[in-house]
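The residues making up each chain are set out below.
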Amino acid sequence: MKNYILKNNTLIIFILLLFVSSILSDSFLTITNISNLLRQVAPIGLVSIGMFLVILTGGIDLSVGSILAFIGVVFALLSYEVYYPVALLLSIIFGILCGVISGYLVAYQYIASFIATLAMMTIVRGGGFLLSKGAPITVGEHSSSILTLANGTFLGIPYSAIILFVSFGIVYVLLKYHVYGRKVIALGSNEEAVRLSGINVKQIKMSVYVLAALLTTIAALLMVGRTGVGTPNVGVGMELDAIAAVVIGGASLSGGKGTVFHTLLGVFILGMIGNIMNLLDVTSYLQQLIKGVIIILAVIFQKR
Amino acid sequence: MLKLTNVYKSYGGVKALQGVDLEVKGGEIHALLGENGAGKSTLMKVISGAIAYDSGNISFINKEVKTNNPHISKELGISIIYQEFSLIPDLTVAENIFFGNNTYKWIKWEQLYKEARELIQSLGFDIDVRKITSELSIAQQQIVEIAKALSKSIKLLILDEPSAVLGSEEIKKLFTLLKKLKEKGIGIIYISHHLEELIELTDQVTILKDGKTIGTVRTADVNKDILISMMVGRELNQLYPVKNPTFKFDNPIEIKGFNSKHFNSPLNFKVYKGEILGIGGLVGSSRTEILQSLFGNFPIDEGTIEVDNTSFKPTNISSMLTRGWGMVQEDRKALGGVLERSIKENISLANLKKVSNRYGFINPNKEKLVLDELITRLKIKMGNAEDNLSSLSGGNQQKVILAKWLNRELRVLLIDEPTRGVDVGARYEIYQILQNLAYSGVYIIMVSSDMEELLGISDRIMIMKSGTISGILERKNFSEESLLRMAIGAN
């Protein structure tokens, strides 16, 4: 029993929170609110899944927030120049490119991930501001279908939530049933032993940054779609929220531990805290404070 | 001055010291001699207080030292210089010398440099005390280490293999220095494998074996032969699989002209199909480096491997894997296994292709089949294949690592310290596995510090001494004495 609680403490926190929230506010368990919540957590959820992959290998990616803003701007600018699918494709390519650079610096140039992605964070943020000249850019007309993509629903479920769950599913399967996942997890646990088993650890290491950037790019496109604007200053501090979600999910920053399911729970725990406090009209300053306290409590709880 | 009586120390089940007696007088240079694993390092750590002893008695200047820690031993005036230096690489020489020496509240830099310079000069050396320590040669760092020890008033100085990193000129200077210290009444414990050095320098020799004191003799009364015979002298027990005397070894793999920064001269040797080639030698004689070079992990400058009329140079691990080579690493925790992942994942790690389809998805049934076969074959004792590797005993962990390599089409097995941290029962099983593999046609090259093991399981033993092959022993000529002679370099 005790073991069971320890193993599933993230799940227990999640359920507890769900329970408490529905008592605290009548409007919490309404379809509108749940759908709203799902839409809200989708981008940070995608980013957190990417962050989890990086953290699983013992690294960290600080550039995700900047990539999110940058791709938003890139897409908005492209929407005036090219057709919608081309704009999407090019945005994704740009996003992946960011990940390739970070991954290359970490895996092949042996720069500590904290430093490499810190540099990327500023570079990409600066790039976004340069391209947009510091102002938000409204998405052009031929690409307005992105609004439908980000705001539409299927059987009442927001598309963005479906994208989040599908991405989660793919990563879950990769980690559990695919050779790639085996390698990523083992690498995070003991890189040298994996290397000496003849596995190309550099490639694997680089790949997680690429995946993180790809997931962040998808999140960026959802964000642009939701607002119809590419804004160069969104996503500031988002990397920290993502790290918080991963840590609440029980992953270890030194790598090799945690599951993507628990990361997703971490995302929802953070999302619900924000959501319920909004419903209860708690001021955003107090929200931040409470969020921080809850992160600490969750992690202490896991240590037991 | 220092007196140890009947000192015992165990690490878990491993008995490192089993009744050590040692007496060192002031104004004497006392040698401590013993083969790898005889307990010298443990003994040093006990004396310096780095680890606690289990039972026995230690007294220093007629006072019993009941509880010991590095701080107390420092206060007592015991100073130890380990093989791995304790200097802080990014500080200057002068800062290192006076580190932990809280004479001043504020640093007076000029005075610090002056005193450091004088100290180094008084030892007969010339080192720029303003230099950053990591920029010094290893030999110079050794001198700084000694200067640091002497910056405090000390009564007993312990040196662990100090000459290993020094050139002959520097060794001479070191000896002069040590003799000077001896005249001042300081007691010195000198650990070394170099018998010539011991005979030249020391007054007394204590020989350790299997954690016990074999005896203490006056250096003047003995010669190399006597010392060697005191270091050996043990019967081999029936721990080893029986060799088939009629087995024909053939089709050798030839290693030609292997050279890199790890070796002092190019290596040339052969290993035959069916044999277990043991590699022996003292710590630091580049035994492991041979295996790492063969495995493609340490790049070599020149040299080739010839097998079946083809020749190639090992350049990277994955190409060696494709050729059917595998290596069981010495350090199981850091390099061998992924301890916090499952037994299953560890066994599949080196051959994930075998258990997955062409899209890379793992077939759990296939994986279980492969796993069960290896687990039965190697008699791995475990609860569940999903348990972490760390949940197993050392012996079973080692078997899992072996299973990882046997999971591939293995042609050559390189194995470094096959039974380190493995209990006696599992040892025999591992020897049996290795012997069966050899007779089934897998080439085996094994490095071991355990002399008994080398003699017990090898068909031939190649002995290394400071980066060169010092000789190869045939099984019919095996004896601990000849092995030791070659390793130490005394003929």
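Not measured: the values here are computed from a predicted model.

Rules of the game
Residues numbered from 1 in each chain as written. Chains lettered and ligands numbered in written order. Predicted model: local features only at pLDDT ≥ 70, side-chain atom pairs only at ≥ 80, totals over all residues. Heavy atoms only, no water. Domains from an automatic or database assignment. Contact = heavy atoms within 4.5 Å. Buried area = accessible area lost by both parts, 1.4 Å probe. Pairing = 2+ DSSP bridges. Helix = DSSP H or I, 4+ residues; strand = E, 2+ residues; numbered from the N terminus. Axes fitted to C-alpha atoms, helices over the stretch in contact; angles between N-to-C directions. Salt bridge = Lys/Arg side-chain N within 4 Å of Asp/Glu carboxyl O. Polar contact = N/O pair within 3.5 Å; in protein donor to acceptor, adjacent residues only side chain to side chain. Nonpolar A, V, L, I, M, F, W, Y, C, P; charged D, E, K, R; others polar. Buried < 20%, exposed > 50% of the residue type's maximum accessible area, 1.4 Å probe, protein only.

(A) Layout of the domain arrangement of chain B. Residues and elements named next belong to chain B. Per the domain assignment, the segments making up chain B are domain 1 (2-231) and domain 2 (250-488). Relative to domain 2, the C-alpha centre of domain 1 lies at a distance of 35 Å. Taken together, the 8 residues of domain 1 in the interface contact 11 residues of domain 2. The junction of domain 1 with domain 2 conceals about 940 Å² of combined surface from both sides, 60% of it contributed by carbon and sulfur atoms.

(B) Seen up close, the sheet that holds strand β11 (residues 250-259) of chain B. Residues and elements named next belong to chain B. One open sheet accounts for 4 strands, arranged β12-β11-β14-β15; its pairing is antiparallel. Looking at the sheet topology across the chains shown, the edges are occupied by β12 (267-273) and β15 (310-312). Averaged over all pairs of adjacent strands, the angle between strand axes in this sheet comes to 20°, irrespective of strand direction. Bridging between β11 and strand β14 (residues 302-307) involves 4 bridges; their strand directions are antiparallel. In the strand pairing of β14, Lys256 is matched with Thr304.

(C) Structural view of the interface of chain A and chain B. With 19 residues of chain A at the contact, the number on the chain B side is 28 residues. Linking chain A to chain B there are 1 salt bridge. Where chain A packs against chain B, one counts 10 residue pairs in polar contact (both at pLDDT 80 or more). If you list the elements that add at least two residues to the side of chain A that touches chain B, you get α8 (159-177), α9 (179-189) and α10 (191-195) of chain A. Among the elements that make up the side of chain A that touches chain B, the one with the highest residue count is α9(A) (6 residues). Residue composition of the side of chain A that touches chain B, grouped by class: 9 nonpolar, 6 polar and 4 charged.

(D) Structural context of unusual backbone geometry. Residues and elements named next belong to chain B. Positive phi is not limited to glycine here, since Ile61 has a value of about 50°. Topologically, Ile61 is positioned in the loop between β4 (55-60) and β5 (63-64). Overall, the relative accessible area of 39% leaves Ile61 in the partly exposed class. Phi angles above zero are rare outside glycine, and Ser286 is one such case at about 70°. On the secondary structure map, Ser286 appears in the loop between β13 (276-281) and α9 (287-294).

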